[in-house]
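The chain contents come next:
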Amino acid sequence: MSRVYNFSAGPSMLPEEVLKRAADEMLDYQGSGQSVMEMSHRSKVFESIIQGAEALVRELMGVPDNYKVLFLQGGASSQFAMVPLNLMSKHKKADFVLTGQWATKAYKEAARYGEAHVVASSKDKTFSYIPKLDPATFSKDADYFHICMNNTIYGTKYHTLPDTGNVPLVADISSCIMSEPIDVSRFALLYAGAQKNLGPAGLTLVIIREDLIGHAMDFTPTMFNYQTHSDNGSMFNTPPCYAIYIAKLVMEWVKENGGLQAMKEHNEKKAAVLYDFLDQSKLFKGTVVKEDRSLMNVPFVTGDEALDAEFVKQATEAGFVNIKGHRTVGGMRASIYNAMPIEGVEKLVEFMRQFEAAH
Ligand SMILES: *Cc1c(COP(=O)(O)O)cnc(C)c1O
């Protein structure tokens, strides 16, 4: 068996230990005689899985007691609608910062339900930076203020949070969840599709302050009302059982490896290997302004499309896969989530060095 170095933006690589454990437990989960895929979600054995997963989210992220942790479906994309349906019900207004495709989708979806206001955008420079924000331009009566914390496609990240005062801050943390410690109390609501850093596709994690539950618009579908899932412990209907189980294994792995502070240190070390190389390279260059660089997604280009394509081709043959950049940025993108070992990044940089020497 040989495994590649997988730089996919999502679904992305998972820790090998997690995959092995899942394989070991595939036919007989802890003496139950069944796979987790086959068992009733109402069974005691699954109950302990979902409760264990929630406890790990709370422990690793330091979730305060007045927040609910929900295991939902529909991806982060469903949250683009679910957030306004539930939160945009008082003044029917929300603020948005457009830092990329996902942030823009959240904005466009919210605009269907109320007044969506663009506070700032970095579209002018292909979203290669995080705009400087002036609280004087924020709507004082917004029902929420939305940011996309880590911009998966463009490789930018907020290093400081906007000060929204009493306006609830909502963040899409799909591609940076559990990559470093986060002060949950600064946010009213956090959401993430699991397939970047937490587990398989099909699971969406929502962390929501309790006082924001119960104010959904009248026509909100039952399944899109946070209250429904909060009242039923994420089991109003069948939850994504297997994805929750894998996410639990991933979180156990995070915990065994030192928790979010250790993840941050590891991720900073990995990202530095790549950024330091890019900063001195005469062929490759990063596309993002230095102060807004992501720890998770690193886009880079040669400046020559044909050479980019040649690099992607040769890298793939050498076992560095899914490294092609998003079509809107071009070039390459290395996604280096928690599960990517530092050797993967070191070997990629070594390969880039050789490619540079040859060109
Ligand atoms: C991948 C991604 C999404 C979309 O997630 P789905 O689960 O596919 O809906 C949204 N936001 C961010 C930041 C992402 O990285």
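Below or above, wherever it landed, is the structure these notes cover. (Residues numbered from 1 in each chain as written. Predicted model: local features only at pLDDT ≥ 70, side-chain atom pairs only at ≥ 80, totals over all residues. Heavy atoms only, no water.)

**Concerning the overall build of the protein**
Across its full length, the protein holds nine helices and 14 strands. What you see for the protein is a C-alpha radius of gyration of 21 Å, in line with the 21 Å of a compact globule of 359 residues. Taking the principal axes of its C-alpha atoms as reference, the protein extends roughly 60 × 60 × 30 Å. For the protein, the proportion of its 359 residues judged to be buried stands at 57%. Carbon and sulfur atoms provide 51% of the accessible area of the protein, an area that totals close to 15,400 Å². Averaging the coordinates of the 36 positive side-chain charges in the protein and doing the same for the 42 negative ones gives two points 3 Å apart. (Helix = DSSP H or I, 4+ residues; strand = E, 2+ residues; numbered from the N terminus. Rg over C-alpha atoms; globule rule 2.2 N^0.38 Å. Buried < 20%, exposed > 50% of the residue type's maximum accessible area, 1.4 Å probe, protein only. Areas by Shrake-Rupley, 256 points an atom, 1.4 Å probe, with all protein chains shown as cover. Lys, Arg positive; Asp, Glu negative; His and termini not counted. Charge placed at Lys NZ, Arg CZ, Asp CG, Glu CD.)

**A look at the environment of Y107**
Tracing the backbone through its elements, the reader meets Y107 in helix 4 (residues 101-110). For Y107, a relative accessible area of 21% corresponds to the partly exposed category. Spatially, the C-alpha atom of Y107 lies 8.3 Å from that of D95, the residues being twelve residues apart in sequence.

**What about the site of the ligand?**
Surrounding the ligand, one finds 13 residues, the nearest of these being S77, T152, D172, Q195 and K196. For the ligand, an oxygen atom lies 2.6 Å from a polar atom in the side chain of S77. Between the ligand and D172 there is a distance of 2.6 Å, counted from a nitrogen atom to a side-chain nitrogen or oxygen. Taking 380 Å² as the accessible area of the ligand by itself, protein coverage stands at 87%. (Near = heavy atom within 4 Å. Polar contact = N/O pair within 3.5 Å; in protein donor to acceptor, adjacent residues only side chain to side chain.)

**Quick word on the sheet that holds strand 14 (residues 332-335)**
Pairing is antiparallel in the open sheet, where three strands are placed in the order 11-12-14. Each of the sheet's edge strands pairs with one partner strand only, and the pair in question is strand 11 (285-286) and strand 14. In the packing of helix 7 (residues 259-280) onto the sheet, the strands contacted are strand 11, strand 12 (297-301) and strand 14, and the crossing angle to strand 12 comes to about 20°. (Pairing = 2+ DSSP bridges. Contact = heavy atoms within 4.5 Å. Axes fitted to C-alpha atoms, helices over the stretch in contact; angles between N-to-C directions.)

**Structural notes on the packing of aromatic side chains**
Throughout the structure, instances matching the rule amount to 19 aromatic pairs. A centroid spacing of 5.5 Å and a plane angle of 85° characterise the contact between Y29 and Y245, whose relative ring orientation is edge-to-face. Of this pair, Y29 sits in the loop between helix 1 (16-24) and helix 2 (44-61) while Y245 sits in helix 6 (residues 241-256); the two residues are 216 residues apart in sequence, bridging distant segments of the chain. Of the two residues examined, Y29 and Y245, each falls in the buried class. Their ring planes at 70° and their centres at 5.1 Å tell us that F284 and F311 sit as a pair that is edge-to-face. Taken together, the positions of F284 in the loop between helix 7 and strand 11 and F311 in helix 8 (residues 305-317) put the pair 27 residues apart, joining distant regions of the chain. (Phe/Tyr/Trp six-rings, centres within 6.5 Å; stacked < 30°, edge-to-face > 60°.)

**Regarding the side chain of E25**
Mapped onto the fold, E25 is located in the loop between helix 1 and helix 2. Among the polar contacts made by the side chain of E25, one reaches the side chain of Y245 at a distance of 2.6 Å. Each residue touching E25, except ones within four places of it in the same chain, is listed here: Q30, Y245 and L249.

**Brief notes about the nonpolar core**
Of all hydrophobic cores here, the largest spans 92 residues; its most connected members are V57, M61, I173, I207, F284 and F311. Of the residues forming this core, the biggest block, twelve residues, is contributed by helix 6. Three or more residues apiece are contributed to this core by two domains, here domain 1 (17-256) and domain 2 (259-358). Setting aside residues up to four positions removed in sequence, V57 forms contacts with G62, V63, V69, F71, M178, L205, I207 and M251. Grouped together as the second largest cluster of nonpolar side chains are 27 residues, A81, L87, A116 and I208 included. (Core = buried A, V, L, I, M, F, W, Y, C linked by side-chain atoms within 4.5 Å. Domains from an automatic or database assignment.)

**A word on helix 2**
Between its first and last C-alpha, helix 2 extends 26 Å over 18 residues, near the 26 Å set by a 1.5 Å rise per residue. Here helix 2 has its buried residues at F46, I49, I50, G52, A53, L56, V57, L60 and M61. Take helix 2 and look down its axis: the buried residues cluster within an arc of 155°, on one side only. Facing away from the buried surface of helix 2 by more than 90 degrees, the exposed residues are K44 and Q51. Buried residues along helix 2 sit against strand 2 (67-72), strand 9 (189-193), strand 10 (204-209), helix 6 and helix 7. The first or second residue beyond helix 2 is G62, which carries a positive phi of 60°. (Expected span 1.5 Å × (residues − 1). Arc of directions from axis to C-beta.)

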